[in-house]
Amino acid sequence: MIEVENLYKKFGKHPVIQGISMTIPPSEICCLLGPSGSGKTTLIRLMIGVIVGDEGTVKIDDVNMPNLSMLGDIGFMPQNDALYDDLSAEDNLRFFGGLQQMKKAALEARMNDVLALVDLTAHRKKMVRDFSGGMKKRLSLAASILHSPKILFLDEPTVGIDPVLKRTIWNQFQELKHAGTTIIVSTHVMDEVTECDKAALIYNGRLIAYDAVTALLAETTSGKVEELFIMASEKEGARL
Amino acid sequence: MMDLAKRVIKQTVNDKRSIMMILVAPLLILTLVYFLLGDSNYKPTVGIEKGSLPEPLVTAMEEQHMHIKKLPSEAFDEPESYLKKHEAVDALFEMNDSSVSITLVESSTKGAKAMTAIQDALADVNPAAKMNISYVYGDADQTLFDSLGYVFLALFSFFLIFIISGMALVRERSGGTLERLLMTPIKRSEVILGYTLGYSVFAVVQAILIVLYAVYVLDLSSAGHIGWIFVMMVLLAIVAVSFGAMISVFARSELQVVQLIPFTIIPQVFFSGLIPLDLIPYHLGNLCYIMPIYYGAAAIKGIMVYGDGFAGIWMYLAGLLGFVLILFLINMQAMKKFRRL
Ligand SMILES: Nc1ncnc2c1ncn2[C@@H]1O[C@H](COP(=O)(O)OP(=O)(O)OP(=O)(O)O)[C@@H](O)[C@H]1O
Ligand SMILES: [Mg+2]
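In this text, all values refer to a predicted model and were calculated from it rather than measured experimentally.

### With respect to the overall build of chain B
Next up, step 1: Within chain B, the regular secondary structure consists of 14 helices and four strands.
Next up, step 2: What you see for chain B is a C-alpha radius of gyration of 26 Å, clearly larger than the 20 Å of a compact globule of 341 residues, by over 25%.
Next up, step 3: The C-alpha extent of chain B, read off along each of the three principal axes, is 90 × 40 × 40 Å.
Next up, step 4: Expressed as a percentage of its 341 residues, the buried residues of chain B come to 48%.
Next up, step 5: Taking as baseline every contact in chain B between residues at least 6 positions apart, the subset at least 24 positions apart corresponds to 73%.
Next up, step 6: For chain B, the accessible area works out to roughly 17400 Å², and carbon and sulfur atoms hold 63% of it.
Next up, step 7: Across chain B, 25 positive and 28 negative side-chain charges occur, with their mean positions spaced 23 Å apart.

Next up, the structure:
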């Protein structure tokens, strides 16, 4: 369970997160939806505690973030690839697994699994600097789920990944969810929203709608996610 | 911590340019310096007035290591303008009843060689003018390379490791991998120690390579035990890693690390022993105490020139350890910028 309360964050004078409160129940997939620059990445970084809000609190399983011992239960896939170019794919995984204090045998076994999942088994010995953009993205995803975290934060995980592999990866997310993982995923891609249980619409650093995806879609006339978005931003525009 | 150190090692080994920079570049530059500062065997050209000098002196001069050029007396009317026009002549030498006068083009190594050759010739003719010069440390045959070589040992171990580690850390920040690794339960102190340990491995290899090369291939003489030189070089490199880590907090890109070199490295070069510190005016020489290179260079000089052992260098050793400690504490604080825990 993730509880965000009255969160504010400014970068210099520029307010980026302006009073967000939300609760994400365990074993659900929650997507953060919003235009570019609306504050999705910043919200995720606040939730995991890499940055600290000016006001408000974030609690994960009743523990105030940031908290060092919680970090072992959290998986994080940043928006940029965040990999070491001068290491091979498997050495990247070995490094992050090691930092998560995984035992050697368990780590090697798990590496085989995640590499297969992101379809990189054939390239595991290749240097990351020789990877394509999509391959880096997949390896980055593999690194974030390696230690089987209880809570997974994914910042635009499927950008640059082909539809077939995207399908496989989403199936995996569903499986993880059924196994009890909470997943928070930011996205631009509307058809991914229907895969999620809840959706949070973020606009200008404010949470303008947060509900079950089915309930949100029921409000629209066309039943399409895009409409939801346009409606929400009009509502926000009227309020300003 | 060991994971991080191992990764740093693997990552650096996989990057050929870094390896070249740490291991090959110092040997290359050292060789270059060796030839530039080594005994050049330059034969100065000295102009004398035709027929004016006593014959025994001319013979004595011809026996010395110099070219003699006999010139018409007009050349000596205005020696400065003659030398300006004739670049091949390094000095004009004339003698009348009361005095000896020597005009040199400039006070350079060439001028100094001409002076020495003339003095030696004079001493041959008149043994009373002979000066006996002896040295407490080293001897007259030492080249500039012998007396300044130690400076380069200190500079390399600091500068190259500083650049490599500083850049790697900045890349880690801008590439987002720092954020990712700080999202694991690793402690801040482990991050810093892991880094230092990883680069120390290269520092050790580099120090061994440089010292062996300098002493056994380039014949740089060391009065003291070369084991102590290793110790000082490695310690200096550890300071360099910590220093690089600190700089990487202030730099957002690799280019900015380079832009900071005028503030971080160049002042240290002046205090590394290239200029004798007590010749620096306004007590500015005391600035050396805040420069890590000074401690390294002074100790290495002590070992190589004065033959110091632990008793002679322990203050410098303690100074560098102090730097390591202070920089560690600063870096622990600075890392809070990226994660509070
Ligand atoms: N470290 C930072 N310093 C200053 N401003 C920042 C910083 N990080 C983010 N911002 C600003 O905060 C705002 C929100 O950025 P954020 O990255 O959270 O958006 P986003 O919703 O993730 O966008 P995108 O969909 O393009 O990834 C932007 O205006 C950005 O300029
Ligand atoms: Mg973003």
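### Details of the interface of chain B and chain A
Next up, step 1: Taken residue by residue, the interface counts 26 residues in chain B and 31 residues in chain A.
Next up, step 2: For the chain B and chain A pair, buried surface summed over both sides reaches about 2600 Å², with 62% attributable to carbon and sulfur atoms.
Next up, step 3: Contact with chain A buries surface across chain B, with B:Arg180, B:Met183 and B:Pro185 losing the most and accounting together for 30% of the total.
Next up, step 4: In this structure, the connection of chain B to chain A is made through three salt bridges.
Next up, step 5: Residue B:Glu179 pairs with A:Arg45 through a salt bridge whose shortest N-O separation is 2.8 Å.
Next up, step 6: Linking chain B to chain A there are 10 residue pairs in polar contact (both at pLDDT 80 or more).
Next up, step 7: The set of elements that each furnish at least two residues to the side of chain B that touches chain A consists of helix 1 (2-14), helix 6 (144-174) and helix 7 (177-182) of chain B.
Next up, step 8: With six residues, the top contributor of residues to the side of chain B that touches chain A is helix 1 of chain B.
Next up, step 9: Of the residues in the side of chain B that touches chain A, the class split is eight nonpolar, seven polar and 11 charged.

### Section: the coordination of the magnesium ion (ligand 2)
All names here are of chain A.
Next up, step 1: The protein atoms that coordinate the magnesium ion (ligand 2) are Thr41 (OG1) and Gln79 (OE1), at distances of 1.8 to 2.1 Å. Highlighted residues: Thr41 in helix 1 (residues 40-48) and Gln79 in the loop between strand 6 (74-77) and helix 2 (89-99), separated in sequence by 38 residues.
Next up, step 2: The class of Thr41 is partly exposed, set by a relative accessible area of 26%.
Next up, step 3: Since its relative accessible area comes to 37%, Gln79 is described here as partly exposed.

### Observations concerning the site of ligand 1
Residue and element names in this part refer to chain A.
Next up, step 1: Within the structure, ligand 1 sits among 14 residues, and Ser36, Lys40, Thr41, Thr42 and Gln79 are positioned closest to it.
Next up, step 2: Residue Ser36 places a side-chain N or O atom 2.6 Å away from an oxygen atom belonging to ligand 1.
Next up, step 3: Gly37 places a main-chain nitrogen or oxygen 2.8 Å from an oxygen atom of ligand 1.
Next up, step 4: When isolated, ligand 1 has an accessible area of 640 Å², and the protein chains bury 64% of it.
Next up, step 5: If you list the elements that add at least two residues to the shell around ligand 1, you get strand 2 (14-24) and helix 1.
Next up, step 6: For the shell around ligand 1, the class distribution of residues is three nonpolar, nine polar and two charged.

### Some thoughts on the domain arrangement of chain B
Next up, step 1: Domains assigned within chain B are domain 1 (2-36), domain 2 (45-137) and domain 3 (144-338).
Next up, step 2: When each unit is reduced to the centre of its C-alpha atoms, the spacing between domain 1 of chain B and domain 2 of chain B is 48 Å.

Rules used throughout
Residues numbered from 1 in each chain as written. Chains lettered and ligands numbered in written order. Predicted model: local features only at pLDDT ≥ 70, side-chain atom pairs only at ≥ 80, totals over all residues. Heavy atoms only, no water. Helix = DSSP H or I, 4+ residues; strand = E, 2+ residues; numbered from the N terminus. Rg over C-alpha atoms; globule rule 2.2 N^0.38 Å. Buried < 20%, exposed > 50% of the residue type's maximum accessible area, 1.4 Å probe, protein only. Contact = heavy atoms within 4.5 Å. Areas by Shrake-Rupley, 256 points an atom, 1.4 Å probe, with all protein chains shown as cover. Lys, Arg positive; Asp, Glu negative; His and termini not counted. Charge placed at Lys NZ, Arg CZ, Asp CG, Glu CD. Buried area = accessible area lost by both parts, 1.4 Å probe. Salt bridge = Lys/Arg side-chain N within 4 Å of Asp/Glu carboxyl O. Polar contact = N/O pair within 3.5 Å; in protein donor to acceptor, adjacent residues only side chain to side chain. Nonpolar A, V, L, I, M, F, W, Y, C, P; charged D, E, K, R; others polar. Donors = N, O, S within 2.8 Å, 3.2 Å for Na, K, Ca; no water. Near = heavy atom within 4 Å. Domains from an automatic or database assignment.

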